[in-house]
Amino acid sequence: MSLRDLLISQIRAQGPMRLDDYMTACLLHPEHGYYTTRTPFGTSGDFITAPEISQMFGELVGLALAQAWLNQGSPAPFTLAELGPGRGTLMADMLRASARVPGFLKAVDIVLLEASAVLRDVQADTLEAYTPRWIDSIEALPEQATFLVANEFFDALPIRQFVRDGTRWRERQIGLKDDVLAFGLGPAQPQPTLNERLEDTQDGDLIEDCAMAAPILATLSARIATYGGAALVFDYGDWRTLGDTLQAVQNHDKTDPLADPGHADLTAHVDFEALLRAVPPCTPSRITPQGVFLERLGITARAQTLAQTLSGAALETHVAAHRRLTHPQEMGNLFKIFGIVPQGSAMLPGLET
Ligand code: SAH
């Protein structure tokens, strides 16, 4: 039975589904989930992420975290962690670049939070030279200094959507229309947790809520405030999201999120305000465009050095990758980054102002 048929029979039996439940089923269903059954990244996959575009991304991020580790007195042992590591490419590039930092590899404890068994296997292959371990929840991070990166992790977390109706909200649900999955709206109800959004919305506006995101950041911040460390979060989104940002991508093209459950990537824009609200007791940086951050870390100089060893098509790909990561009309502006450090610690390089 396909995931679509499973969902249709579930809706027939139990009524319309919430969007977060639909997203969880599509992305992480043990037999049919998008991430649990495939490796979707790369030019041959459905979409491409920054670490898959160029090694420069992981090298610079790795060196930024290694600098934070040095700034905090090189704690040992320490955790180098990643949320949603995909193919493990970012972690591999970070480790290769930071291998030159004296003592770093000797003290590192590599910890990966990954929900997909298929991707855990891919990560194990990519990181064969190291000894990573996997955790199932953020609470399982070891109680020691923690330097963490997350790229396109928070956008994969399930959201709910609500349409404003007076001072109440109607939840967007997935039901059936002529036996086909279709969006509908639930009854108008008060939603006390959304009260703040009554200030910046009007009747009929759609807002999104990602319940999992802030608690993850709150746990991480508490860990970093207590034991030291730093985190870097990359994603696309805005200070506060307004409107429907749910997106399905298949074969590098946008598609209907209900058309082919389990076979398309589903994401939503990240609400940076909600994330940053969970950061105290740590200090956050400003939210900075990815392109600005990478330029400050010296991506152009690194690109020029790498270019000297390349020619022909490889050189063209490399030049295009640099542009794609940094140019305001490509990923440079759409993707944002913020860092967090313990109060009183130096901010991560590239995010000081
Ligand atoms: N960071 C990688 C992959 C981004 S895709 C890159 O930049 O290429 C999202 C990643 O998060 C995948 O590895 C996916 O399996 C993982 N993921 C999604 N939801 C998750 C969850 N709830 N818990 C843990 N990992 C999750």
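All of these numbers come straight from a predicted model, not from anything done at the bench.

A.B. asks: Help me understand the packing of helix H12 (residues 299–307) against helix H13 (residues 312–326), please; the structure alone is not making it clear to me.
C.D. replies: Two quantities define a packed helix pair, namely the angle between the axes and the distance from one axis to the other. Put simply, H12 and H13 touch, their axes get as near as 10 Å, and they point 170° apart. The angle between H12 and H13 places the two elements in the roughly antiparallel class. Here Ile299, Thr300, Ala303, Leu306 and Ala307 of H12 come into contact with H13, specifically with Leu315, His318, His322, Leu325 and Thr326. Of the residues in the contact of H12 with H13, the class split is 6 nonpolar, 4 polar and no charged.

A.B. asks: Explain the state of the cysteines here, please?
C.D. replies: Working definition of a disulfide: a covalent bond connecting the sulfur atoms of two cysteines. Going through the model one piece at a time under the given rule, you end up with 0 disulfides. The closest cysteine sulfur to the non-disulfide-bonded cysteine 210 is located on cysteine 26, 16 Å from its own sulfur. Assessed through its relative accessible area of 23%, cysteine 210 is described here as partly exposed. Free of any disulfide, cysteine 282 has its nearest neighbouring cysteine sulfur in cysteine 210, separated by 20 Å.

A.B. asks: What is the right way to look at helix H1 (residues 3–14) in this model?
C.D. replies: Count 3.6 residues to each turn of an α-helix, and residues three or four apart come out pointing the same way. Taking 1.5 Å per residue, 12 residues should reach 16 Å; H1 reaches 16 Å between its end C-alpha atoms and fits that length. Those residues of H1 that sit buried are Leu3, Leu7, Ile8 and Ile11. Down the axis of H1, the sector holding all buried residues measures 135°, keeping them to one side. Away from the buried face of H1 by more than 90 degrees, exposed residues Arg12 and Ala13 are located. Looking one or two residues past H1, glycine 15 carries a phi angle of roughly 95°, positive in sign.

Cut-off values and rules
- Residues numbered from 1 in each chain as written.
- Predicted model: local features only at pLDDT ≥ 70, side-chain atom pairs only at ≥ 80, totals over all residues.
- Heavy atoms only, no water.
- Axes fitted to C-alpha atoms, helices over the stretch in contact; angles between N-to-C directions.
- Helix = DSSP H or I, 4+ residues; strand = E, 2+ residues; numbered from the N terminus.
- Parallel < 35°, antiparallel > 145°, perpendicular 65-115°, else oblique.
- Contact = heavy atoms within 4.5 Å.
- Nonpolar A, V, L, I, M, F, W, Y, C, P; charged D, E, K, R; others polar.
- Disulfide = S-S within 2.5 Å.
- Buried < 20%, exposed > 50% of the residue type's maximum accessible area, 1.4 Å probe, protein only.
- Expected span 1.5 Å × (residues − 1).
- Arc of directions from axis to C-beta.

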